Amino acid sequence: MVAQLSNAKFAAKYRFDTERIFLIGHSLGAWNALMTTAHAPSVRATAALATFNVGYFAERLHHEAGFKDELIKALEVLGTDPLHNTSPRQLADEIEAHYEIWDPRSFTAQLTTRPLYLVGAKHDIEAPKEPHHDAIVTWIKAAGHDHITDEVLDTDHGFGDMREALIAKLIAWLDGVE
């Protein structure tokens, strides 16, 4: 998708600036937005909301016997419908197989040149703040990132009671990106 957005002919047809590609993702989409940003120099800035830290599960799969069954059961409860063409077992297998490259620590250094807005949720039970949001913020800052805005809102994973405020915060952040 980013390659298509970076294409001059495509940009001319749809009248947008290829120098101002911004990604915004939520949950697993936030992790995907960060990973895409790390590997796509044309992405100008990224906002990651309630980021799901795939590396947290990859590490546990790699080091904890029996965790795979626990993860599969949790994914069965949460459901994988939004992910299309996968099952809890297939997703657990993919996370395990891509242990190193899907861990955000493997790509945080590539994020240091672009503005990032990372928003966590204090009452997040789907992607609890500590192993997900806090860990990723810590790794990105440790990589030397100085264009990071980190915020934790007093809400849940879906930001259901703060959507309007979150939109206002996103717009303000985007307006401040140079």
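Being a predicted model, the structure only gives us computed values, none of them experimental.

## Quick word on helix α7 (residues 130–142)
All of the buried residues along α7 are His132, His133, Ala135, Ile136, Val137 and Ile140. Structurally, α7 contributes buried residues whose contacts are with α3 (28–39), α4 (54–63), β3 (116–121) and β4 (148–153).

## Points about the pattern of salt bridges
All chains considered together, the criterion is met by eight salt bridges. Between glutamate 70 and arginine 60 there is a salt bridge, with the nearest N and O atoms lying 3.9 Å from each other. On the criterion of sequence distance, the pair formed by glutamate 70 in helix α5 (residues 67–78) and arginine 60 in helix α4 is long-range, its members being 10 residues apart. The residue lysine 68 makes a salt bridge to glutamate 96 at a minimum N-O spacing of 2.8 Å. Highlighted residues: lysine 68 in helix α5 and glutamate 96 in helix α6 (residues 88–97), separated in sequence by 28 residues. For glutamate 96, a relative accessible area of 34% puts it in the partly exposed group. The network of salt bridges with shared partners includes Glu59, Asp103 and Arg105.

## Points about the nonpolar core
Counting 29 residues, the largest nonpolar core has Leu34, Leu71, Ile95, Phe107, Leu111, Leu118 and Ile140 as the members making the most contacts within it. Breaking this core down by element, the ones donating at least two residues are α3, α4, α5, α6, β3 and α7. Here leucine 118 is in contact with Leu34, Ala48, His133, Ile136, Val137, Ile140, Ile148, Thr149, Asp150 and Glu151, once residues within four sequence places are set aside. By size, the runner-up hydrophobic cluster in this structure holds 14 residues, among which are Ala45, Met162, Trp173 and Val177.

## Digging into the pairing of β3
β3 sits mainly inside the fold: six of its six residues count as buried. Residue alternation in β3 divides its side chains into two sets, Leu116, Leu118 and Gly120 and Tyr117, Val119 and Ala121, and both sets are buried. Bridging between strand β2 (residues 43–49) and β3 involves four bridges; their strand directions are parallel. Its bridge partner lying in β3, alanine 47 is registered against tyrosine 117.

## Regarding the environment of leucine 71
By the secondary structure assignment, leucine 71 is in helix α5. Each C-alpha atom, one on leucine 71 and one on tryptophan 102, is 16 Å from the other, the two residues being 31 residues apart in sequence. Look past the residues within four positions of leucine 71 in its chain and what remains in contact with it is Phe57, Leu61, Ala92 and Ile95.

## Examining the sheet that holds strand β1 (residues 21–26)
Here we have four strands laid out as an open sheet, ordered β1-β2-β3-β4, and parallel in their pairing. The sheet terminates laterally at β1 and β4, the two strands that pair on one side only. Sheet twist, expressed as the mean angle between neighbouring strand axes with direction ignored, is 10 degrees. Sheet topology places β3 next to β4; six bridges connect them, and they run parallel. In the sheet register, alanine 121 faces β4, and the bridge partner there is leucine 153. The strands that α3 touches are β1, β2 and β3; relative to β1, the one it contacts most, it runs at about 150 degrees. Seen against the sheet, α7 touches β3 and β4 and runs at an angle of roughly 165 degrees to β4.

Parameters at a glance
Residues numbered from 1 in each chain as written. Predicted model: local features only at pLDDT ≥ 70, side-chain atom pairs only at ≥ 80, totals over all residues. Heavy atoms only, no water. Buried < 20%, exposed > 50% of the residue type's maximum accessible area, 1.4 Å probe, protein only. Helix = DSSP H or I, 4+ residues; strand = E, 2+ residues; numbered from the N terminus. Contact = heavy atoms within 4.5 Å. Salt bridge = Lys/Arg side-chain N within 4 Å of Asp/Glu carboxyl O. Core = buried A, V, L, I, M, F, W, Y, C linked by side-chain atoms within 4.5 Å. Pairing = 2+ DSSP bridges. Axes fitted to C-alpha atoms, helices over the stretch in contact; angles between N-to-C directions.

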